[in-house]
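Coordinate analysis (summary)
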Amino acid sequence: MTNQNESLLQVRDLTTTFHSKGRVLRAVDGISFDVRAGEVLGLVGESGSGKSISLRSIIGLARDYGTVEGNVYWKGEDLLTQTDKQLQCVRGSQISMIFQEPMTSLNPLLTVGLQIEENLKAHTDLDRRARKARAIELLDMVGIPSASSRLKDFPHQFSGGMRQRVMIAIALASNPELLLADEPTTALDVTIQDQILQLLLSLAKDLNMAIVLVTHDLGVVAQTCDRVAVMYAGRLVETGSVRDVLKRPQHPYTLGLLKSVPENMPPRTPLYSVPGTPPALDALPKGCAFAPRCHKAEDVCLGTKPPLSVLGDGISSACHFTADIREEVLA
Amino acid sequence: MSSLSYLVSRLLQIIPTFLLVMVVIFLLVRMLPGDPAIAMADAKATEAQLELIRQKLGLNEPLVMQFFYFVKNTLSGDMGTSILLKAPVLEVIIERIPVTAFLTLYAVCLSILIAGPLAFVAALNKNGGLDIAIRSGFQVGLSTPVFYIGLLLLTFLAASLRLFPVGGYGTTFLQHLHHLMLPALTVALYTSAIIMRNLRSAVIEVLDADYVQFARSKGLSRSVILGRHVLRNAMISTVTLLGLSIGNLMSGTLVTETVFAVPGLGRLMLEAIFARDYPLIQGLTLTFAVMVSLVFLFTDMVQAWLDPRLRLS
Ligand SMILES: Nc1ncnc2c1ncn2[C@@H]1O[C@H](COP(=O)(O)OP(=O)(O)O)[C@@H](O)[C@H]1O
Ligand code: SF4
Ligand SMILES: [Mg+2]
């Protein structure tokens, strides 16, 4: 097995900008983080904070419509410098992705069998029969009843939860080492959300697969993740182990998120509850993007962006007054 | 099973259309002032000939019975005699159907061949130089009247350069291709502009769709993504539009076939109208209606074949 402390993926200063109508929109603003083999990293933030674009930038989907800069090291190679053709060998085979909307993420005109098998065809030497057998095995693995009779069915013949399972089966077809999961349960019924999360976690464990789990649900993070990265207006404002960050948040934004969650922290708590709204990404303030909503904000916050700095305990936070907040929380 | 019932239900839908066209044609002649028998006959017809027509049309009986006779005669293939050509209407029409069908199909094929690849190139270079060049090129095709383009082609390619004949149909398949090249191209320039515009925006939309992003995240090759995932989905809306424009295109044959002296149904219709040849006008109207209905049926079938949600709902 791979060494648990070794980083599979190293994201460094990832920046994605969109240029439209003469305006520059910085959806992802210099984020850096690592993903270790087999771990589950939660990426949390309000809607529009750049989570999806971050994932899409990592596997080279975002560069079709935006400018992506920085480095994304995968096993020592920088994915951002690779051509689409080179990336084809990584995508779907070493790094897979699943999307938020099971209703629109499967091709409505192709059978689910074909949509699984085309992944196998691209990444394995299996022949037709073996691909079919593997497709049945995969559908079975993600908990789709009478899998062999469903290969010929089309996506619209499955319910939302079942489609999400199909998407997982497709993503896992070639045993990836990393799964980028973009809010995989947000669109589903509450009862089904749990089933899908449990399925993802147990598969990740069985296959020793790491997951970057995007969510805006702190309850999900508490239940499922090893480490968490909190994103605000395109930047990471706090990273660390779930235990430390949820217990002793260092950044006012994280603190606000946690305070807004009731005591026992039930799952499915959306992050709308911090007062105010995030700034428009094409008109970011000069200083800390959180300042307009921050009760701690002072002059320095308006003039200078706080960098993400390591505080010890494996926690990093981006706030000029981290130390004070630390005291306040500990007090 | 459900595919079959879809086809049957779609076929049954043609019947009301067909009946409606029959009613319109029927009333057309009856609404003319004076005796319908005179309208349906040669100007030099004798009283005995007129009486024969009156009997066949049941003109002395109630309107409902007259309509019944009309439908019965038509279904048994008796659509009267063309005043202009002095031959049974059905015979005259059957003789010309292949010409117009060939021309239409030819124009459709050319449209697809022109519009398909260019739409893809334009969509993949969205707002780039190529895209703008392609779109402006087609804009000319859209904003110029069909017969004007036809005349230009005739003047340069047929009359001056003598690359193509100025009219006719020929006898062998290759001759058909050669003779009908200019009229088909004329029509195709217009149709392909419509198809190009629609397919381009469909491709742009589909390229952005979640399922295409997902397909890309699976590491599929570009050709599989474009051919399997993008093309088929983009085609769905374009096929509908193509079906509709074939309907348009058929009424366009009146002009095209006349400009290019093609002996098809369109030119015949124009001649029939000028000669007030009512039996022939009736027969041709019905023929066009049936042909357009069949095209729509075929369009729906292609769509059901493309889209399982229609087939298996
Ligand atoms: N193709 C695009 N062009 C311009 N802006 C975009 C594009 N895609 C996303 N954005 C912007 O990027 C920001 C981040 O989007 P996203 O990553 O989807 O947020 P999240 O997933 O965190 O909800 C949003 O403000 C969105 O408007
Ligand atoms: S830097 Fe200032 S404004 Fe930003 S989070 Fe810290 S205290 Fe609040
Ligand atoms: Mg998102």
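Positions within a chain are numbered from 1, following the residues in the order the chain's sequence is written. Written order determines the labels here, with chains lettered from A and ligands numbered from 1. Since the coordinates come from a predicted model, pLDDT governs what is reported: local features require at least 70, and pairs of side-chain atoms require 80 or more to be given and counted, while whole-chain, interface and lining totals use all residues. Working from all heavy atoms in the structure, the side-chain values ignore hydrogens and water.

**Side note on the overall build of chain B**
Counting its regular elements, chain B contains 14 helices and 0 strands. Each helix (α) and strand (β) of chain B, taken in turn from the N terminus, gives the series α-α-α-α-α-α-α-α-α-α-α-α-α-α. Summarising its shape, the C-alpha atoms of chain B cover approximately 80 × 55 × 35 Å along the three principal directions. Think of it in three bands: residues with accessible area under 20% of the maximum for their type are buried, residues over 50% are exposed, and the middle band is partly exposed, with areas taken using a 1.4 Å probe on protein chains only. Across the 313 residues that make up chain B, the buried fraction comes to 46%. Taking as baseline every contact in chain B between residues at least 6 positions apart, the subset at least 24 positions apart corresponds to 69%. For accessible areas, the Shrake-Rupley method is used with a probe of radius 1.4 Å. Any residue's cover is judged against the shown protein chains and nothing else. On chain B, roughly 15600 Å² of surface is accessible, and the fraction owed to carbon and sulfur atoms is 71%. A residue counts as positive if it is Lys or Arg and as negative if it is Asp or Glu; His and the chain ends are not included. Think of each charge as sitting on NZ of Lys, CZ of Arg, CG of Asp or CD of Glu. Considering chain B, the positive charge centre built from 22 side chains and the negative charge centre built from 17 side chains are found 11 Å apart. Secondary structure elements follow DSSP: runs of H or I no shorter than four residues count as helices, runs of E no shorter than two count as strands, and numbering proceeds from the N terminus. We call two residues in contact whenever any of their non-hydrogen atoms come within 4.5 Å of each other.

**Considerations on the interface of chain B and chain A**
Every contact between the two is made by 23 residues of chain B and, on the other side, 33 residues of chain A. Note: buried area is the sum, over both parts, of the accessible area (probe 1.4 Å) each one loses when the two are combined. Summing the contributions of chain B and of chain A, the shared interface buries around 2400 Å²; its carbon and sulfur component is 57%. Counting the surface chain B buries against chain A, the share from its top three residues, F214, R216 and K218 of chain B, is 29%. Take a side-chain nitrogen of Lys or Arg and a carboxyl oxygen of Asp or Glu: if they are within 4 Å of each other, that pair is a salt bridge. Counting the contacts that link chain B with chain A gives 4 salt bridges. Between K218 of chain B and E118 of chain A there is a salt bridge, and its shortest N-O distance comes to 2.7 Å. The definition of a polar contact used here is a pair of N or O atoms within 3.5 Å, where within protein one atom must be able to donate a hydrogen and the other to accept one, and adjacent residues in sequence count solely through side-chain atom pairs. Taken together, the connections running from chain B to chain A amount to 11 residue pairs in polar contact (both at pLDDT 80 or more). Of all the secondary structure elements, the ones that give two or more residues to the side of chain B that touches chain A are α10 (210-217), α11 (222-259) and α14 (308-311) of chain B. At 7 residues, the largest contribution of residues to the side of chain B that touches chain A is made by α11 of chain B. For the side of chain B that touches chain A, the class distribution of residues is 8 nonpolar, 6 polar and 9 charged. Amino acid classes used here: Ala, Val, Leu, Ile, Met, Phe, Trp, Tyr, Cys and Pro are nonpolar; Asp, Glu, Lys and Arg are charged; the rest, including Gly, are polar.

**Brief notes about the domain arrangement of chain B**
All names here are of chain B. The domains assigned to chain B are domain 1 (3-75) and domain 2 (89-312). When each unit is reduced to the centre of its C-alpha atoms, the spacing between domain 1 and domain 2 is 32 Å. With 17 residues of domain 1 in contact, the opposing surface of domain 2 contributes 16 residues. At the boundary of domain 1 with domain 2, total buried surface from both sides reaches about 1500 Å², with 75% on carbon and sulfur atoms. A per-residue breakdown of the area domain 1 buries against domain 2 is headed by Y6, R10 and I25, which together make up 32% of the total. The interface formed by domain 1 and domain 2 holds 0 salt bridges in total. Along the contact surface separating domain 1 from domain 2 lie 0 residue pairs in polar contact (both at pLDDT 80 or more). Taken together, the residues of the side of domain 1 that touches domain 2 break down into 13 nonpolar, 3 polar and 1 charged. By convention here, the domain bounds are inherited from an automatic or database domain assignment.

**A look at the pairing of strand β4 (residues 67-74) of chain A**
All names here are of chain A. Two strands pair when backbone bridges link them, and strand β1 (residues 7-20) and β4 are joined in this way by 7 bridges, in the antiparallel orientation. Bridge pairing links T16 to V68 in β4. Any two strands with at least two DSSP-identified bridges between them are counted as paired. Of the pairings in the sheet, the one linking β4 to strand β5 (residues 77-78) comprises 2 bridges and is antiparallel in character. Residue pairing in the sheet places W74 in a bridge with E77 of β5. Counted along the chain from β4 to the antiparallel partner β5, the turn is 2 residues long, and its residue K75 has a positive phi close to 50°.

**A word on the UniProt feature "domain: ABC transmembrane type-1" (unreviewed entry) in chain B**
UniProt positions are given in the numbering used here, feature names are shortened, and annotations may be inferred rather than shown by experiment. The positions UniProt marks with the feature "domain: ABC transmembrane type-1" (unreviewed entry) are residues 97-299 of chain B. A helix fraction of 85% and a strand fraction of 0% characterise residues 97-299 of chain B, whose end C-alpha atoms lie 20 Å from each other.

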